[in-house]
Amino acid sequence: MENSQLQTNLKFVDLLNEWNPFQLKEGNYDTEIADTIQAIHELEDPSELAEKIQSIYEFSFEQVIPMDHCLEIAGKLLVIKNSDSCSI
């Protein structure tokens, strides 16, 4: 994996750890973050990404994150993705 891709993924990880939708101690979302990063690379549409994020976390924690929270984080993640892919 090229270095800029790695840097981008680390930004995703930081943002998702910070987001912490269930107020757990840091590092408890490794699987969800890995799945979410994969989804970010596959999806461009904020609503599709938000739905995917919601389902990833719901599957793991059996709690539903409100869609507006998912849309907000999806938007921030796509901004990182798009700004980093343009700086090559």
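Residues numbered from 1 in each chain as written. Predicted model: local features only at pLDDT ≥ 70, side-chain atom pairs only at ≥ 80, totals over all residues. Heavy atoms only, no water.

> Describe the overall build of the protein chain, listing the residues and the values that go with them.
Regarding its fold elements, the protein chain presents four helices and zero strands. In the protein chain, the order of α-helices and β-strands from amino to carboxyl end is α-α-α-α. Relative to the globule expectation of 12 Å for 88 residues, the C-alpha radius of gyration of the protein chain, 12 Å, shows essentially globular dimensions. Taking the principal axes of its C-alpha atoms as reference, the protein chain extends roughly 40 × 25 × 15 Å. Across the 88 residues that make up the protein chain, the buried fraction comes to 36%. By element, 51% of the accessible surface of the protein chain is carried by carbon and sulfur atoms, the whole surface being about 5500 Å². (Helix = DSSP H or I, 4+ residues; strand = E, 2+ residues; numbered from the N terminus. Rg over C-alpha atoms; globule rule 2.2 N^0.38 Å. Buried < 20%, exposed > 50% of the residue type's maximum accessible area, 1.4 Å probe, protein only. Areas by Shrake-Rupley, 256 points an atom, 1.4 Å probe, with all protein chains shown as cover.)

> Describe the pattern of salt bridges, and please don't skip the residues or the numbers.
Counted according to the given criterion, the structure contains two salt bridges. Here E44 and K81 are joined by a salt bridge, their closest N and O atoms 2.7 Å apart. Here E44, found in the loop between α2 (30-42) and α3 (46-61), pairs with K81, found in helix α4 (residues 67-85); they are 37 residues apart in sequence, far enough to count as distant. A salt bridge links E72 to K76; the shortest N-O distance between them is 3.4 Å. With E72 and K76 both in helix α4 and four residues apart, this pair spans about one turn of that helix. Since its relative accessible area comes to 48%, E72 is described here as partly exposed. (Salt bridge = Lys/Arg side-chain N within 4 Å of Asp/Glu carboxyl O.)

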